[in-house]
Amino acid sequence: MPEASRPAGGPDLAQVRRIVSEIPGPRSRELLARQRSLVPAGVGATLPVFVTAAGGGVIVDADGNSFIDFGSGIAVTTVGNSAAAVAERAAAQLRRFTHTCFLVSPYESYLDVCEKLNRLAPVPGEKRTLLVNSGAEAVENAVKIARAATGRPGVVVFDHAFHGRTLLTMSLTAKNQPYKQGFGPFVPEIHRAPMAYSYRWPTGPERCAEEAAYALADLLDRQVGADNVAAVLVEPIQGEGGFVVPARGFLPLVAGICRARGILLIADEIQTGIARTGRMFACEHENIQPDLVTTAKGLAGGLPLGAVTGRAELMDAVPAGGLGGTFSGNPVACEAALGVFEEIERHDLLERAREIGDTMQERFGEFSDAYPVIGEVRGRGAMVAMELVEPDGDRVPAPDLAARIAKRCHAEGLLVLTAGSYGNVLRFLPPLSISEALLEEGLAILGDAIAKETASAAV
Ligand code: PLZ
């Protein structure tokens, strides 16, 4: 498409839902056919419409459809697509210089991002931050640092975890299909403990936190040997696993178990961090203080940037030359990240995340009363999900229903995402720049889609 005919995105984009074709429309279908001949089949798409502009709370496609965005590119455009401060700072930096390699000749914006993260991250004491390109790379580096600092090889992760797609992070990820199938052998010295997933805990939600903590301690002490474990790695709310909020009290128990054994606690805040849950970091909801925290996704408003923030003595355990990367902490991405922090402060987006969360939880509560297929509604701030189950079974996952509801929403102009180990979770991650009107309109479409799909399932 010639540049002149491309619509401008960002906050000035018309904030309307508009469906003018079938979904995907003819132009997107053409491009999808082109994709098939150019891109490997392993790269899928949730809603295969080709985007031409996005901003505020909408995404516009090549056929002129305008979707309400309840996905934020998987929790990335938290401050909105092309948010003013992000776009302005990144554009100005593009004109100054695009790259020097921080390992060759550094620049100040990298330090500014590290200063922000060191100030905000819920890690105790003096801190350091390393910048990288992605979430997976942040997790990789957190594990490298934990191993170097402790001299121990083992890493303990949880069931339902997602930590990335590189060989190490895929090995840390729980779910086989589609993430791991055919890609082994996996990285050794990884051990998996049960997650305190109260909705599916065999003995019921009341005992979930204590029993899951017991299982972790038992794994460490009896099976692996605590002295062999560098770190326990946990998402404070599991993302791809289905927005599993660990049973209250579990995370503080995990922190205590680690502390008592000299094991580092790494919080993977890649999906939860940077204002998404109504706090800058989700660890704050339970007052836990991890030794290392990983961020990415929302950190730079859509530009690729990841970070590891941790206690200074751990981060400094790796000698010069042990950490780095050609593009890591790219100057355009750093300026974008500074723009993200400005947007959060300027528009009080922490408060906005809580408001959006309250609105979603309230409506989902109503849906849940009306539809027995909604097994559980859970989440924090603007990170909320509903887990769908068969109406007459004992929590039997209903992935087909989740897929049908998502598809109906897409056809009506609402972008929603699915998740979950069983594929039966609808998850909602609206940008915090979404208007109240669009949020309500999206929720109404969702309610309608649930009503229609459950009615058609009943006949
Ligand atoms: N840790 C907690 O959520 C990425 C994955 C999309 P990258 N989640 C979205 C997909 O299907 O690949 C994620 C995460 C948590 C790590 C990661 C990995 O982050 O930036 O995708 O590498």
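Calculation rules
- Residues numbered from 1 in each chain as written.
- Predicted model: local features only at pLDDT ≥ 70, side-chain atom pairs only at ≥ 80, totals over all residues.
- Heavy atoms only, no water.
- Near = heavy atom within 4 Å.
- Polar contact = N/O pair within 3.5 Å; in protein donor to acceptor, adjacent residues only side chain to side chain.
- Areas by Shrake-Rupley, 256 points an atom, 1.4 Å probe, with all protein chains shown as cover.
- Nonpolar A, V, L, I, M, F, W, Y, C, P; charged D, E, K, R; others polar.
- Helix = DSSP H or I, 4+ residues; strand = E, 2+ residues; numbered from the N terminus.
- Buried < 20%, exposed > 50% of the residue type's maximum accessible area, 1.4 Å probe, protein only.
- Contact = heavy atoms within 4.5 Å.
- Disulfide = S-S within 2.5 Å.
- Domains from an automatic or database assignment.
- Buried area = accessible area lost by both parts, 1.4 Å probe.
- Salt bridge = Lys/Arg side-chain N within 4 Å of Asp/Glu carboxyl O.

**Quick look at the site of the ligand**
Taken together, 14 residues surround the ligand, and among them G135, A136, R165, D268 and Q271 come closest. F162 is positioned such that a nitrogen or oxygen atom in its backbone is 3.5 Å from a nitrogen atom of the ligand. D268 has a polar side-chain atom sitting 2.7 Å from a nitrogen atom of the ligand. In the complex, the protein chains occlude 81% of the 510 Å² of accessible area that the ligand would expose alone. Here the residues of the shell around the ligand sort into four nonpolar, five polar and five charged.

**Looking at the side chain of R378**
Looking at where R378 falls in the secondary structure, it is placed in strand β11 (residues 374-380). When its relative accessible area of 7% is taken as the criterion, R378 is described as buried. A polar side-chain atom of R378 sits 3.0 Å from the main-chain carbonyl oxygen of F243. At a separation of 2.7 Å, a polar atom in the side chain of R378 contacts the side chain of E376. Discounting chain neighbours no more than four positions away, the residues touching R378 are Y197, Y199, G242, F243, V244, V245, Q361, M383, V384, A385, E387 and V425.

**Considering the side chain of T295**
With respect to the helices and strands, the residue T295 is situated in strand β9 (residues 292-295). In this structure T295 comes out as buried when scored by relative accessible area, which is 2%. In contact with T295, not counting residues within four places along its chain, are L117, A138, E269, I270, I274, F281, G306 and A307.

**Considerations on the state of the cysteines**
As enumerated under the stated definition, the model contains zero disulfides in all. Here C114 stays free of any disulfide, with the sulfur of C334 as its closest cysteine sulfur at 7.2 Å. As a non-bridged cysteine, C258 has C283 as the owner of its nearest cysteine sulfur, 12 Å distant. Looking at C258, the relative accessible area reads 1%, which means it is buried.

**Examining the domain arrangement of the chain**
Entries for the chain in the domain assignment read domain 1 (3-36 + 348-458) and domain 2 (85-346). Computed from C-alpha coordinates alone, the two centres of domain 1 and domain 2 are separated by 27 Å. Across the boundary between the two partners, domain 1 contributes 32 residues, which contact 30 residues of domain 2. Of the roughly 2600 Å² buried between domain 1 and domain 2 on both sides combined, carbon and sulfur atoms contribute 53%. For domain 1, the biggest contributors to the area lost against domain 2 are R380, M383 and R395; these three give 32% of the whole. Where domain 1 meets domain 2, there are two salt bridges. The interface formed by domain 1 and domain 2 holds 19 residue pairs in polar contact (both at pLDDT 80 or more) in total. Considering only residue class, the side of domain 1 that touches domain 2 consists of 17 nonpolar, seven polar and eight charged.

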